[in-house]
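Observations on the three-dimensional arrangement
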Amino acid sequence: MHLVDTHTHLDFPEFDADRDQVIASSRALGVERLVVLGVHEANRQRVWDLVQQHDGLYAAFGMHPVYLPEHTQAHLEQLHGWLSQLAGHPKLCAVGEIGLDYFLEELDREQQQTLFEAQLQMAVEFGLPALIHVRRAHAATIATLKRFKLKRGGIIHAFAGSVEEAREYIKLGFKLGLGGAPTWPQALRLRKVVAQLPIEAIVLETDSPDMAPSMYPNQRNSPEHLADICVALAELRGISPDELASTSSRNACELFGWG
């Protein structure tokens, strides 16, 4: 099985004790490439150092909406500087994690929107895909993406919208990231949606260390679990795990421009 984990936070402290072992174990389980995402100014250097130390690891840099109170205009300017300095580097694959989060009501929506648009503009400027966090904000996200028209699209991380919303994202050139959430039997609506998504739009992810799948409840999530997630989602769709693995990996490689 050949797999790509399109969304990890392997630089987080949860992996400090065994990070190298997790990467080696994941590779042995078929995970050939992993994307590590920056979420704020403080972890950019850590992410970049990590991806340079290992083959098959790639970096995305962005300012996550959940950390809105910590972000400053200087951090935004520094992000632009990072992307400018690393433009064209084979280890830089996207702008992300960026987006809109309407689930957390304390996060100012206008400030989120301003930050989101500034980073989408960077994706346009540097010709990069965008890796997008969306919680209860699909309408606003879709409307914004229609205005920016990213040439290389991106990924809607942890997609949990409707079939109609999926179609809108796909028309805009986006892939839909699927991970642990649809493996839970109680996620009835999401499981119905996942079964209907076109396989050409699916990429796989873990969001490690978060969003553990049902077979690893209350545990740290890991890229090591991606094969089991693939098996569960393939069963949900009525196809073989190898078909989902190969197609989702091809989708990811095409999106990121990997040979």
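Up top you'll find the structure we're talking about.
What comes next concerns the included structure. Since the model is a prediction, treat every value here as computed from it, not as a measurement. Every chain is numbered independently, its residues counted from 1 as its sequence is written. In keeping with the model being predicted, local features are shown solely for residues with a pLDDT of at least 70 and side-chain atom pairs are shown and tallied solely at 80 or more, while totals for entire chains, interfaces and linings include all residues. Only hydrogens and water are set aside when side-chain values are computed; all heavy atoms of the structure are taken into account.

1. Section: the overall build of the protein
Runs of E in the DSSP output that reach at least two residues are strands. Runs of H or I that reach at least four are helices, and both are numbered from the N terminus. Each helix and strand in the protein was counted, giving nine helices and eight strands. For the radius of gyration, the atoms used are the C-alpha atoms, and the globule rule reads 2.2 Å times the number of residues raised to 0.38. Taken against the 2.2 N^0.38 rule, which gives 18 Å for 259 residues, the C-alpha radius of gyration of the protein at 17 Å falls within 12% of a compact globule. By its C-alpha atoms, the protein is 45 × 40 × 35 Å across when sized along the principal axes. Going through the 259 residues of the protein one by one, you find that 56% of them count as buried. Entry remark: accessible area of the protein is about 11,100 Å², with carbon and sulfur atoms responsible for 50%. Neither His nor the chain ends is counted toward charge; the positive residues are Lys and Arg and the negative residues Asp and Glu. Charged side chains are reduced to one point each, which is NZ for Lys, CZ for Arg, CG for Asp and CD for Glu. Across the protein, the 23 positively charged side chains and the 33 negatively charged ones have centroids separated by 7 Å. Only protein chains enter the accessibility calculation, which uses a 1.4 Å probe; a residue is then buried when its area is under 20% of its type maximum, exposed when over 50%, and partly exposed in between. We get accessible surface area from the Shrake-Rupley algorithm with a probe of 1.4 Å; when it comes to residues, only the shown protein chains can shield them.

2. Some details on the environment of S222
Note that S222 resides in the loop between β8 (202-204) and α8 (226-237). With relative accessibility at 1%, the residue S222 sits in the buried group. Here the alpha-carbon distance between S222 and G161, two residues 61 residues apart in the chain, equals 24 Å. Every residue in contact with S222, bar those within four places of it in the chain, is listed here: F15, V22, S26, T206 and S208. As used in this structure description, the phrase polar contact means that two N or O atoms lie within 3.5 Å; if the pair is within protein, one of them must be able to donate a hydrogen and the other to accept it, and residues adjacent in sequence are counted only when both atoms belong to side chains. Here the side chain of S222 touches E224 through a polar contact of 2.7 Å, side chain to side chain. Contacts: residue pairs with any heavy atoms within 4.5 Å of one another.

3. Description of the sheet that holds strand β1 (residues 3-8)
Sheet architecture is open: eight strands sit in the order β1-β2-β3-β4-β5-β6-β7-β8, paired in parallel fashion. One side of each edge strand has no neighbouring strand; the edge strands of this open sheet are β1 and β8. Neighbour-to-neighbour, the strand axes of the sheet open up by a mean angle of 30°, direction not taken into account. Here a strand pair is declared whenever DSSP counts at least two bridges between the two strands. Bridging between strand β3 (residues 57-61) and strand β4 (residues 92-101) involves three bridges; their strand directions are parallel. By the bridge assignment, A60 is partnered in β4 with A94. On the sheet, helix α6 (residues 163-171) packs against β5 (130-135), β6 (154-157) and β7 (174-178) and is oriented at approximately 130° with respect to β7. Of the strands in this sheet, β1, β2 (31-37), β4, β5, β6, β7 and β8 are in contact with helix α9 (residues 241-256), which crosses β8 at around 95°. Under this scheme, a helix contributes an axis fitted over its contacting stretch, all axes are lines through C-alpha atoms, and angles between N-to-C directions fall in the 0 to 180 degree range.

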